[in-house]
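Examining the three-dimensional arrangement
The chain contents come next:
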Amino acid sequence: MVQPKQTPERKAFYQRIDSHDLAPLWEVLHGLISPEPRSPCAPALWRYRDIRPFVMESGELITAAEAERRVLVLENPGLRGRASITHTLYAGLQLILPGERAPCHRHSQSALRFVVEGEGAHTAVDGEKTLMRPGDFVITPSGTAHDHGNDSERAMVWLDGLDIPLVQFLDASFAEGFGGEPQRLTRPVGDALARYGSGLLPVDYQARGPTSPVFNYPYARTREALETMRRREEWDPCHGLKMRYVNPVDGGYAMPTIGAFIQLLPPGFETLPYRSTDGTVYAVVEGSGATQVGDQTFTWEAHDVFVVPSWTWHHHRAEGDAVLFSYSDRPVHQKLGLWREQRGNALTP
Ligand SMILES: [Fe+2]
């Protein structure tokens with residue numbers, strides 16, 4: 001598309017219509033309808049060893065109760081000031097110190113927690129408490145009451161992933177607190193996993209919403225599954241061994257707005273280039289390696305977080321065994337018929 005010329009007559013016309021809240025489409029059309037995604041989201045890496053001291057320092061500045069949630073937001077360098085790691089998603093590192101409680105609240109935004117360090121702190125969702133360990137993937141569905149607490153001896157840090165920017169864009173945010181009181185627990189620890197995440201469902205089960213009723217996918221199970229599957233040596237050239245977390249009720253994504261994935265890359269494995277429309281946040285669970293994102297190369301190790309913007313070529317290289325957790329807005333793209341991917345091994349030379 002060719003940008004129309006600016007002429008004095010046209011400029012004068014634009015000024016006259018401006019006061020009527022009108023604007024000429026032809027001046028902005030090529031920027032609005034781009035030939036391919038042009039995201040302001042930038043490739044970025046947060047090294048845990050660099051930022052962990054700040055996370056811990058925040059624990060001396062403010063209590064979890066006063067902060068409501070004591071979180072340092074991972075702000076994309078291309079989206080500063082917008083509490084966003086991609087255009088649609090939020091990421092933050094939350095700290096809960098021994099003996100602390102983060103008060104109960106609920107909101108429209110869906111949240112995932114991916115545990116980085118510590119063991120034995122808990123999240124309670126809708127009347128059930130789950131104890132969390134590193135690598136656990138924990139969901140707080142939209143609209144459910146949730147609070148966190150740490151009765152262990154150690155600080156706990158987890159990565160929060162939410163659809164805050166997406167919900168904000170849609171002007172659909174509702175939230176409420178419960179006056180600082182912890183929620184009443186009505187079900188035993190582990191009930192949801194046993195009831196919905198064991199290849200079983202209650203015989204007359206009716207889904208209460210689009211989110212998985214399993215709200216903690218323990219890493220021990222996930223890791224064991226990956227370890228068993230690797231024996232077949234069926235490595236996808238672009239992904240290694242990559243699985244998605246699913247809602248056992250319908251096989252869809254575990255969350256309606258966020259897709260979450262886990263992948264294993266064996267030692268020395270180098271993936272082929274890949275890109276898709278869903279800008280993706282990666283959290284390194286185990287191992288070390290490097291990912292080339294566009295023209296940048298990020299070397300990473302356990303607990304680091306990096307982001308791959310929409311439609312950006314990237315490929316991974318693992319040193320030893322590496323496990324990567326990732327999340328993106330893929331379910332939204334797919335529901336709207338907008339999702340697209342391109343695999344490096346499908347390119348013609
Ligand atoms: Fe929350």
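In what follows, the structure referred to is the one given above.
Now for a look at the structure at hand. Throughout this document, residue positions are counted from 1 along each chain, in the order its sequence is written. In view of the model being predicted, local features appear only for residues whose pLDDT reaches at least 70, and side-chain atom pairs are presented and counted only at 80 or more, with totals across whole chains, interfaces and linings using the full set of residues. As a rule here, side-chain values come from all non-hydrogen atoms in the structure, and water together with hydrogens is ignored.

1. Quick look at the overall build of the protein
Just so we agree on the cut-off: Each helix corresponds to a stretch of at least 4 residues labelled H or I by DSSP, and each strand to a stretch of at least 2 residues labelled E; elements are numbered beginning at the N terminus. Here the globule rule is a power law, 2.2 Å times the number of residues to the power 0.38, and the radius of gyration is based on C-alpha atoms. Here the term buried applies to any residue with accessible area under 20% of the maximum for its type, exposed to any over 50%, and partly exposed to those in between, with areas from a 1.4 Å probe on protein chains only. Contact criterion: two residues are considered in contact whenever any of their non-hydrogen atoms come within 4.5 Å of each other. In short, Shrake-Rupley with a 1.4 Å probe defines the accessible areas, and a residue's cover is counted only from the protein chains shown.
Along the backbone of the protein there are eight helices and 22 strands. In terms of overall dimensions, the protein is globule-like: its C-alpha atoms have a radius of gyration of 22 Å, near the 20 Å expected for 349 residues. For the protein, the spread of C-alpha atoms along the three principal axes comes to 70 × 55 × 50 Å. In the protein, which comprises 349 residues, the share counted as buried stands at 48%. Within the protein, contacts between residues at least 6 apart in sequence are counted, and of these 74% link residues at least 24 apart. Accessible area for the protein stands at about 17,600 Å²; split by element, carbon and sulfur atoms hold 54% of it.

2. A closer look at empty space enclosed by the protein
The condition that has to hold: Whether a set of points on the 1 Å grid over the protein atoms alone is a cavity depends on a 1.4 Å probe fitting there but being unable to get out, while an open set qualifies as a pocket with protein on both sides within 12 Å along at least five of seven lines; lining residues are those with an atom within 4 Å of a point. Grid points are joined across faces, edges and corners, and a volume is the space filled by probe spheres set on the points. Under the convention adopted here, Pro, Cys and the residues Ala, Val, Leu, Ile, Met, Phe, Trp and Tyr are nonpolar, Asp, Glu, Lys and Arg are charged, and Gly plus all remaining residues are polar.
Tallying each qualifying case throughout the model produces one cavity of 30 Å³ or more. Its boundaries defined by the atoms lining it, the largest cavity holds a volume of some 120 Å³. Around the largest cavity, the lining is made up of 18 residues, and of these K242, Y274, S276, Y282 and H314 lie nearest the centre. Of the residues contributing to the lining of the largest cavity, the split by class is six nonpolar, eight polar and four charged.

3. Comments concerning unusual backbone geometry
Trans is the prevailing form of peptide bonds, just as negative phi is the prevailing case for residues other than glycine. With a phi close to 50 degrees, A83 is a non-glycine residue in the positive phi region. Relative to the helices and strands, A83 is located in the loop between β2 (71-73) and β3 (90-96). Classification of A83 as partly exposed rests on a relative accessible area of 27%. Positive phi, close to 50 degrees, is recorded for D171, a residue that is not glycine. Note on placement: D171 falls in the loop between α5 (164-169) and β11 (175-177).

4. Structural notes on the coordination of the iron ion
Test applied: The rule for donors is simple: an N, O or S atom within 2.8 Å of the metal counts, and for Na, K and Ca the reach is 3.2 Å. Water is not among the atoms, so a site may look short of donors.
Looking at the metal site, the iron ion is ligated by H105 (NE2), H107 (NE2) and H146 (NE2), spaced 2.1 to 2.2 Å from it. Mapped onto the sequence, the residues coordinating the iron ion show the spacing H-x1-H-x38-H. For H105, a relative accessible area of 10% puts it in the buried group. Judged by relative accessible area, which is 12%, H107 ranks as buried.

5. Focus: a nonpolar patch on the surface
Counted only if it meets this: Only residues whose relative accessible area exceeds 30% and that take part in no salt bridge are eligible for patches, with like-charged residues grouped when within 9 Å of each other and nonpolar side chains (Val, Leu, Ile, Met, Phe, Trp, Tyr) grouped when within 5 Å. Definition used for salt bridges: Asp or Glu carboxyl oxygen within 4 Å of a side-chain nitrogen of Lys or Arg.
On the surface, L25, V28, L32 and I33 cluster together into a nonpolar patch covering about 390 Å² of accessible area. Counting through the fold element by element, V28 comes out in the loop between α1 (8-18) and α2 (29-32).

6. So, the environment of L72
If you trace the backbone, L72 turns up in strand β2. Each C-alpha atom, one on L72 and one on S58, is 8.2 Å from the other, the two residues being 14 residues apart in sequence. Excluding its chain neighbours within four sequence positions, the residues that come into contact with L72 are F54, V55, S58, G92 and L93.

7. Focus: helix α7 (residues 219-229)
To be explicit about the condition: Think of the arc as the fan of directions from the helix axis to the C-beta atoms.
Among the residues of α7, Y219, T222, R223 and L226 are the ones counted as buried. In an axial view of α7, the angular spread of the buried residues amounts to 95 degrees, which keeps them on one side of the axis. Of the residues in α7, the exposed ones pointing more than 90 degrees away from the buried face are A220 and E224. Against the buried residues of α7 lie β12 (216-217), β13 (241-244), β14 (259-265), β16 (280-286) and β21 (322-328).

8. Thoughts on the sheet that holds strand β7 (residues 128-131)
The test is simple: Between any two strands, at least two bridges found by DSSP are needed for them to pair. Angles run from 0 to 180 degrees between N-to-C directions of axes, and those axes are lines fitted to C-alpha atoms, restricted for helices to the stretch in contact.
Taken in spatial order, the five strands of this open sheet run β7-β6-β9-β4-β11, and their pairing is antiparallel. Bordering the open sheet on either side are β7 and β11, each of which pairs with just one other strand. The average undirected angle you get between the axes of adjacent strands in this sheet is 25 degrees. Relative to β11, strand β4 (residues 101-107) runs antiparallel, the two being bridged by three bridges.

9. Considering the pairing of β14
Each regular strand carries side chains that alternate between the two faces of the sheet. For β14, the buried fraction is high: seven of the seven residues fall into the buried class. The alternating pattern of β14 places G259, F261, Q263 and L265 on one face and A260, I262 and L264 on the opposite face, and all of these are buried. Examined bridge by bridge, β13 and β14 share four bridges and lie antiparallel to one another. Paired with K242 across the two strands is Q263, which belongs to β14. One ladder, built from seven bridges, connects β14 with β21; its direction is antiparallel.

10. What about the sheet that holds strand β19 (residues 305-308)?
With antiparallel pairing, the six strands of this open sheet are ordered in space as β1-β19-β16-β21-β14-β13. The sheet terminates laterally at β1 (44-46) and β13, the two strands that pair on one side only. This sheet shows a mean twist of 20 degrees between the axes of neighbouring strands, independent of strand direction. Across the sheet, α7 touches β13, β14, β16 and β21, and the angle it forms with β14 is around 50 degrees.

Structural measurements only, silent on function.
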